[in-house]
Amino acid sequence: MIELRPHQSEALKAVIKAIKKGNGSAIGRVVMPTGAGKTFVEAAVINHQRKDNINTKIHLVLAPRILLTNQLIGEFSKFDIENKGAQSYRAIAFHSGSHEADYEAGIKWKENATTRVADIEAAYKTAVAAGQDLVVFSTYHSADKLIGINFDTMIADESQYCVNEGFNGVIKKLTARVKLFFTATEKHTSSDKGRGLNNTTIYGERLYYISPATLIQLGLIVPPRLHIMYGETCDEDRSVVSEVIEIAKAQIEITQTELGFSKILFAMKGTDDVKSVEDNIAKIKKEFPNHDVFTITSKNGARIDNEKVDRELMFLPALTTSKNCLIFHYDILSEGIDVDGITGVALMRNMGLSKLLQTIGRAVRVYKANPGAKRFALISVSVLN
């Protein structure tokens, strides 16, 4: 059985308190840093909301990317099955991708990827016949098609995306008795009447907050350690490949001593730089023969040692099991994607505060296989000339 940690229980209690205060209706924000386990709090909220077996309901979970949407489906199903002993509600993925059926504890958890509202209506009829609630997992990009459906609960994961001009209007039009906005990095605007999460008319009051410092003190995340790599060059055409090799060497030297392995995430300047890595895979592998090289872009897809693979069936599982690897991406893995064992990140470009904190958050997670082994996370910044 998955038991919530004390701070997760506090977050759930704060949400339930707000719902009771509003006689079944509520709107509010939950701010939990990366590594605090907000996904299980979200799943626990859905389980709380579906306790009324008299009326079957539709719930909505929003995420910014297909990859994260499918990860949430897996995490929610794991929490549901382990805590209920069976699948207690039906799920449907509302986006343009696809996901294989998942089997856990003998329970078939299957969701169909769709962008047809008629498919949701059909799934709801099936759920009603089975006496189950329906949970719709959607990307923000597809959410406009869901306007007009009366949801019981709406959970906006990575809710900093709600501030985007293209999504903000949709968020306001979506209807739900309970609207909850979960994020590690709130985006505010100068006016509390704007699109920022400080607009309480749209997003409600902050219901729960826990600081990164508190999580570090509790041993739930590790502290980041800034690593500035100084270098000098007269070569104006110095390639990004040379730069990442030097950063990797420095990080590996530190983390191999501390941990005995290294898993480094490179936040590249753009997809062209990721392509440069792919074009120079032989050079990189020669320098690091014991490391797998993972690359992922929206254009070229997911690759391991420059061999194209399915990003969900092979790429993400291999990321988890690979002991030594270098991971290159532009923006796909920065928010929400949970990859265990990241020992450090390399910042290859300037970022806004939200994106910066999300990127660092990939590395500060405790190493699940051996929580006591990882004492810090390296954050590398190169300073040339």
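Residues numbered from 1 in each chain as written. Predicted model: local features only at pLDDT ≥ 70, side-chain atom pairs only at ≥ 80, totals over all residues. Heavy atoms only, no water.

Draft legend 1. Region of the structure containing the layout of surface pockets. In this structure, the second largest pocket spans a volume of roughly 380 Å³. Secondary structure elements with two or more residues in the lining of the second largest pocket: β10 (205–209), α7 (212–217) and α12 (353–361). Across the lining of the second largest pocket, the residue classes tally to 13 nonpolar, five polar and three charged. (1 Å grid on protein atoms, 1.4 Å probe; cavity = no way out; pocket = protein on both sides within 12 Å on 5 of 7 lines; lining within 4 Å. Points joined across faces, edges and corners; volume = space filled by probe spheres on them. Helix = DSSP H or I, 4+ residues; strand = E, 2+ residues; numbered from the N terminus. Nonpolar A, V, L, I, M, F, W, Y, C, P; charged D, E, K, R; others polar.)

Draft legend 2. Inspection of the packing of helix α3 (residues 66–84) against helix α11 (residues 311–321) at higher detail. Where α3 meets α11, the closest approach of the two axes is 12 Å, and the angle between their N-to-C directions is 80°. It follows from the interaxial angle that α3 and α11 lie roughly perpendicular. Contact residues: I66, L67 and N70 in α3; R311, E312 and L316 in α11. When its residues are assigned to classes, the contact of α3 with α11 shows three nonpolar, one polar and two charged. (Axes fitted to C-alpha atoms, helices over the stretch in contact; angles between N-to-C directions. Parallel < 35°, antiparallel > 145°, perpendicular 65-115°, else oblique. Contact = heavy atoms within 4.5 Å.)

Draft legend 3. Region of the structure containing the environment of N47. Structurally, the position occupied by N47 is in helix α2 (residues 38–49). Under the relative-accessibility criterion, N47 is labelled buried at 5%. Taking the C-alpha atoms as reference points, N47 and D133, separated by 86 residues in sequence, lie 9.9 Å from one another. Residue contacts for N47: discarding those within four places in its chain leaves F79, D80, K84, S88 and Y89. (Buried < 20%, exposed > 50% of the residue type's maximum accessible area, 1.4 Å probe, protein only.)

Draft legend 4. Quick peek at the packing of aromatic side chains. Applying the stated criterion across every chain yields a total of eight aromatic pairs. Where Y140 meets Y161, the ring centres are 6.3 Å apart and the plane angle is 15°; that geometry is what we call stacked. Of the two residues, Y140 sits in the loop between β7 (133–139) and β8 (150–156) while Y161 sits in the loop between β8 and α5 (165–173), which places them 21 residues apart along the sequence. Accessibility expressed as a relative area gives 3% for Y140, which makes it buried. For Y161, a relative accessible area of 12% puts it in the buried group. Between F266 and F328 the ring centres are 4.6 Å apart and the planes differ by 15°, which places this aromatic pair in the stacked class. Within this pair, whereas F266 is found in strand β12 (residues 263–267), its partner F328 is found in strand β16 (residues 325–329), the two being separated by 62 residues in sequence. Judged by relative accessible area, F328 falls into the buried class, the value being 1%. A cation sits over an aromatic face here: R206 above Y209, 4.8 Å from the ring centre. (Phe/Tyr/Trp six-rings, centres within 6.5 Å; stacked < 30°, edge-to-face > 60°. Lys NZ or Arg CZ within 6 Å of the ring centre and 35° of its normal.)

Draft legend 5. Geometry of the pairing of strand β17 (residues 344–347). Residues G344 and A346 line one face of β17 and the alternating positions V345 and L347 line the opposite face, and both faces are buried. As defined by bridge partners, β12 adjoins β17 across four bridges and the pair is classed as parallel. Counterpart to I264 in the pairing with β17 is G344. Pairing geometry for β17 and strand β18 (residues 377–384), over four bridges, is parallel. Its bridge partner being in β18, L347 is matched across the sheet by V381. Handedness of the crossover joining β17 and β18 through α12 is recorded here as right-handed. (Pairing = 2+ DSSP bridges. Right-handed = clockwise from strand over helix to strand, strands pointing away.)

Draft legend 6. A look at the packing of helix α1 (residues 6–21) against α2. At their nearest, the axes of α1 and α2 sit 10 Å apart, and the two run at 40° to each other. Overall, the two elements α1 and α2 adopt an arrangement that is oblique. α2 is crossed by α1, and the crossing has right-handed handedness. On α2, the residues that touch Q8, A11, L12, V15, I16 and I19 of α1 are F40, V41, A44, V45, H48 and Q49. Considered class by class, the residues forming the contact of α1 with α2 number nine nonpolar, three polar and no charged. (Left-handed = near helix turned anticlockwise from the far one by under 90°.)

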